[in-house]
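Close look at the chain arrangement
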Amino acid sequence: MTPNRLATESSPYLLQHALNPVDWYPWGEEALARARDEQKPILVSIGYAACHWCHVMEHESFENQAVATVMNEHFVCIKVDREERPDVDAIYMDAVQAMGVRGGWPLNVFLTPDARPFYGLTYAPAPSWTNLLHSVEKAWRENRPQLEESAAQFTQTLNADELRKYGLQADPVGGALDGAALNQAFFTFQQGFDRARGGMDRAPKFPMPAHYTWLLRYHARTGATLALDHTLLTLREMARGGLYDQVGGGWARYSVDADWLVPHFEKMLYDNGQLLTAYAEAYQVSQDEELREAGLRTIDWLKREMLAPNGGLYASLDADSEGVEGKFYVWTTDELSAVFPDATERGLVAAYYRLTEAGNWEHGVNIPHRRGTDAQFAAKHHLTPADLAQRAENWRTALLNAREPRPHPGLDDKLLTGWNGLTLRGLCDAYRAFDAPDALALAQRVGQFLVNSLTETADGRRLRRNLKPGGAAQPGFLEDYAAVAHGLASLYECTFEPQWLRAADELLAYALIHFADPSTPEGLLFYTDDTTAEPLIARKKELFDNVIPASNSLLARTLRQVGLLQGNRAYVDRARTLLAAVRPLVEKEPGFLGSWAALYEELLTPGAEIVIIGPDADAFRHELSRHFLPGTVIAGATAATDELPVLVGKPTFDGLTTVYVCFEGACQQPVFSVAEALREIQGGR
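Heads up: these notes are all about the structure in this document. (Residues numbered from 1 in each chain as written. Predicted model: local features only at pLDDT ≥ 70, side-chain atom pairs only at ≥ 80, totals over all residues. Heavy atoms only, no water.)

Some words on the pairing of strand S2 (residues 42-47)
Which entries qualify depends on this criterion: Relative accessibility decides the category of a residue: with a 1.4 Å probe and only protein chains considered, values under 20% of the type maximum give buried, values over 50% give exposed, and everything between is partly exposed. Helix and strand assignments come from DSSP, with helices taken as H or I runs of at least 4 residues and strands as E runs of at least 2, each series counted from the N terminus. The criterion for strand pairing is that DSSP finds at least two bridges linking the strands in question.
Within S2, six of the six residues are buried, which leaves it mostly tucked inside the rest of the structure. Burial of S2 is two-sided: the residues Ile42, Val44 and Ile46 facing one way and the residues Leu43, Ser45 and Gly47 facing the other way are all buried. Relative to strand S4 (residues 107-111), S2 is paired through five bridges, and the arrangement is antiparallel. Each bridged residue has a counterpart across the sheet, and for Ile46 the counterpart in S4 is Leu107.

Digging into the packing of aromatic side chains
Both the distance between ring centres and the angle between the ring planes are used here to describe each pair of aromatic rings. Here is the rule: Two rings belonging to Phe, Tyr or Trp (six-membered ring only in the last case) form a pair when the distance between their centres is within 6.5 Å. Interplanar angles under 30 degrees mark stacking, angles over 60 mark edge-to-face geometry, and anything in between is tilted. Consider the ring centre and the ring normal. A charge sits over the ring if Lys NZ or Arg CZ is within 6 Å of that centre and within 35 degrees of that normal.
One pass over the structure, following the stated rule, counts 31 aromatic pairs. Measuring from centroid to centroid gives 5.1 Å for Trp53 and Tyr123, while their planes differ by 50°, and the two rings are tilted. Of this pair, Trp53 sits in helix H3 (residues 52-62) while Tyr123 sits in the loop between strand S5 (117-121) and helix H6 (126-142), placing them 70 residues apart in sequence. Their ring planes at 80° and their centres at 4.9 Å tell us that Tyr352 and Tyr353 sit as a pair that is edge-to-face. Among the residues examined, Tyr353 registers a relative accessible area of 0% and is labelled buried. A network of ring pairs unites the aromatic residues Trp24, Phe62, Phe75, Phe110, Tyr119 and Trp129 as a single cluster. Seen from the ring of Trp24, Lys79 lies directly overhead, with NZ or CZ sitting 5.2 Å from the centre. When the ring centre of Trp105 is taken as origin, the NZ or CZ atom of Arg82, which lies over that ring, is 3.9 Å away.

Observations concerning the packing of helix H19 (residues 437-452) against helix H20 (residues 478-495)
Using the following cut-off: For every element, the axis is a line fit to its C-alpha atoms; helices are fit only across the contacting stretch, and the angle between N-to-C directions ranges from 0 to 180 degrees. Oblique is the label for every angle not falling under 35 degrees (roughly parallel), over 145 degrees (roughly antiparallel), or within 65 to 115 degrees (roughly perpendicular). Crossing handedness: left-handed means the near helix sits turned counterclockwise from the far one by under a right angle, and right-handed means the same turn made clockwise. Here a residue-residue contact requires only that any non-hydrogen atoms of the pair lie within 4.5 Å. Each residue gets one of three labels, nonpolar for Ala, Val, Leu, Ile, Met, Phe, Trp, Tyr, Cys and Pro, charged for Asp, Glu, Lys and Arg, and polar for the others, Gly among them.
Contact geometry for H19 and H20: axes closest at 10 Å, N-to-C directions at 135°. Looking at the two axes, H19 sits oblique to H20. The chirality of how H19 crosses H20 is left-handed. In this structure, H19 contributes Leu440, Ala443, Gln444, Gly447, Leu450 and Val451 to the contact, and H20 contributes Val484, Leu488, Leu491, Cys494 and Thr495. Counted by class, the contact of H19 with H20 contains eight nonpolar, three polar and no charged residues.

What to know about the pattern of salt bridges
When the charged atoms of two side chains lie near each other, side chains of opposite charge can form a pair. Formally: Here a salt bridge means any side-chain nitrogen of Lys or Arg lying within 4 Å of a carboxyl oxygen belonging to Asp or Glu.
Scanning the model with the defined rule gives 59 salt bridges in all. Asp89 is the partner of Arg82 in a salt bridge, and the nearest nitrogen-oxygen pair spans 3.2 Å. For Arg82, a relative accessible area of 18% puts it in the buried group. Judged by relative accessible area, Asp89 falls into the buried class, the value being 4%. Across the salt bridge formed by Arg217 and Glu281, the nearest N and O atoms sit 2.8 Å from each other. Residue Arg217 is found in helix H10 (residues 209-222), and its partner Glu281 is found in helix H12 (residues 269-286); the two are separated by 64 residues along the sequence. Comparing Arg217 with Glu281 shows no difference in burial state: the two are buried.

Overview of the side chain of Asn272
Here is the rule: By the criterion applied in these results, polar contacts are pairs of N or O atoms within 3.5 Å in which, for protein atoms, one can donate a hydrogen and the other can accept it, and in which residues neighboring in sequence qualify only through two side-chain atoms.
Along the chain, Asn272 turns up in helix H12. Looking at Asn272, its side chain comes within polar contact range of the main-chain nitrogen of Trp251, at 2.7 Å. Discounting residues that sit within four places of it in the chain, Asn272 has contacts with Gly250, Trp251, Lys267, Thr298 and Trp301.

What about the sheet that holds strand S12 (residues 411-412)?
The strands making up a sheet associate through backbone hydrogen bonding, with each pair oriented either parallel or antiparallel. Read from one edge to the other, the open sheet built from three strands follows the order S8-S9-S12, with strand pairing classed as antiparallel. Strands at the two margins of the open sheet, each flanked by one partner only, are strand S8 (267-268) and S12. In this structure, S8 lies alongside strand S9 (residues 316-317), joined through two bridges in antiparallel fashion. The partner of Lys267 across the bridge, within S9, is Leu317.

Focus: the sheet that holds S2
Read across the open sheet, the five strands follow the order S1-S3-S2-S4-S5; overall the sheet is mixed. Of all the strands in the sheet, the pair left with one neighbour each is strand S1 (25-26) and S5. Helix H2 (residues 29-38) rests against S1, S2 and strand S3 (76-81) of the sheet, and its axis sits at about 155° to S3.

Quick word on the state of the cysteines
Here is the rule: Count a disulfide wherever a pair of cysteine sulfur atoms falls within 2.5 Å.
Enumeration over the complete set of coordinates arrives at two disulfides. Two residues, Cys51 and Cys54, share a disulfide whose sulfurs are 2.3 Å apart. Handedness here is read from the sign of the S-S torsion; for Cys51 and Cys54, about 80°, the answer is right-handed. Counting its disulfide-bonded cysteines in sequence order, the chain shows a connectivity of 1-2, 3-4. Cys77 forms no disulfide, and the closest cysteine sulfur to it belongs to Cys54, at a distance of 16 Å. Under the relative-accessibility criterion, Cys77 is labelled buried at 1%. Not part of a disulfide, Cys494 finds its nearest cysteine sulfur in Cys428, a span of 4.0 Å.

Some points on the environment of Ser61
By the secondary structure assignment, Ser61 is in helix H3. Of the residues examined, Ser61 reaches a relative accessible area of 0% and is grouped as buried. Each C-alpha atom of the pair Ser61 and Val22 lies 9.4 Å from the other, and the pair is 39 residues apart in sequence. Not counting residues up to four positions away in its chain, the partners in contact with Ser61 are Val67, Ala68, Ala124, Ala126 and Trp129.

Describing H3
With eight of eleven residues buried, H3 is to be regarded as a mostly interior element. Taken together, the buried positions of H3 are occupied by His52, Cys54, His55, Val56, Met57, Glu58, Ser61 and Phe62.

Structure, rendered in structure tokens:
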């Protein structure tokens, strides 16, 4: 079959469609110009490489010559990788939701020749899809003025001011932060908890790292046991369920059921990077080895399956292999018998992973998962904890070795900047909490890869969205700048190597110039920068978290972190201003603004600014990192230096390693041990 225009793209998702009989274009001026010239409606179809239902629709419709003929005759057809172009995806997802359609992928939207949306939907089976194509074509031919009017209204909605849309007024002062209001927000939020399995009381269930980030900080401020207990319950149940790859490590995208048992099996880098942070922080609070083990095995998975030769991390693994969802990850009893021929041992393995003759999923196959603690299992089966720990490790190794020769799920080998930044932060948090040198070594590789990718400009250092060799040269989005700066600043806190912090500062400086909206006082930034040559029908500001935090909230948290590390109060004040713009929303709907709520907590109860100077600076930092100190930043050096502003004027005394504990720039008396520093930190909170 003759390839279409997608054959020259680098995105694995677009390449998946390169042999479709549909005359696909990538998003760009060539397709848009053709639509304008021929006055044809545009069909833009958006998805991503690991999306199961995208594969289904491709097989049913886009590989079908008869369906393709209708599409080619009546529409200019554009394929978009939502991970490469989240700006395009966000605009048309908002449009579809404004039409009253529940969003999802594949996202199929019909546009006027000037790219304004008038109708959209998600997956549709082939017969329905063909009927819809004919209906839309007929409506365009016979009722174009009405469709143009509808498109104009949707476009007006898309361009509405983000704050006014939710009844907010810009307030640069922002009013006082109100702990009681945030307490009430938690009271409302907790009513939706699933008290049995964790997460929220609904299905499907998505891991929501921003929730756990906020809940741990809420617990630290208030002592509320429910916030901590629910977070630990959620993380434990996720680590025991089929959502977590019990054999190879790493979390799938989400669970279709309420028990975390049956996932959609795709593994996304952004989920796993953020969950490393969640598990690391929860381990700091609880010292629960089960959480640590889940994190460590995920780091092993990242090294084994997601690490590119240049030090970047790949985007995702597909849900499907051999055309079947989850086939790589599931087991039949015959397959189990081949790995464990001894009946007694096989019985223990089956009990541990809850594998049955009938299967625990469709078609008689089993998804390995666990229930309860290892201590409970050991007691039930008359094993010592040490014996079970050794056996379980042997079982995992045997299953992993037996699984490895299977055809692997497809790899999306894009190197997405922001997702690497999120995972860099997760690796740094894992190193600090778990005492995991492998995590630091991988973090340093990722950090160097990101820094090597920065482009020098006259007013800062610039990022691209996709750093895959030969990949599309799309400029980075606000998400990319905020996530990479956050990760690099965290790498500085792990190493005290100033080049990481300087690079983070340069990225923030660029973002504050090129993503700013000078026409508004609240300081919220656009998702796209002002150097992008291709204007879209709307320029959006991201307020609400999805699984990835809203880019403005991530930027605000990064400004606070880098501002404290650099002694730059303007950055910290800018973080406050950004929070002030959305504060009423955070107090009302924290479930949709968890990352903002975490920043709210850190500003309500400011963390310490710790500076460690002296020969044991690394050891002191290492010891402090075992503790959960929300909002705290740590800077240091092995000798007195003025290399960073925050280090200026902080000498050692009598050659002893000296610790300065400061709050909002005011330092307490220097101390000479970690124990003394912890007392000052707790006393100053």
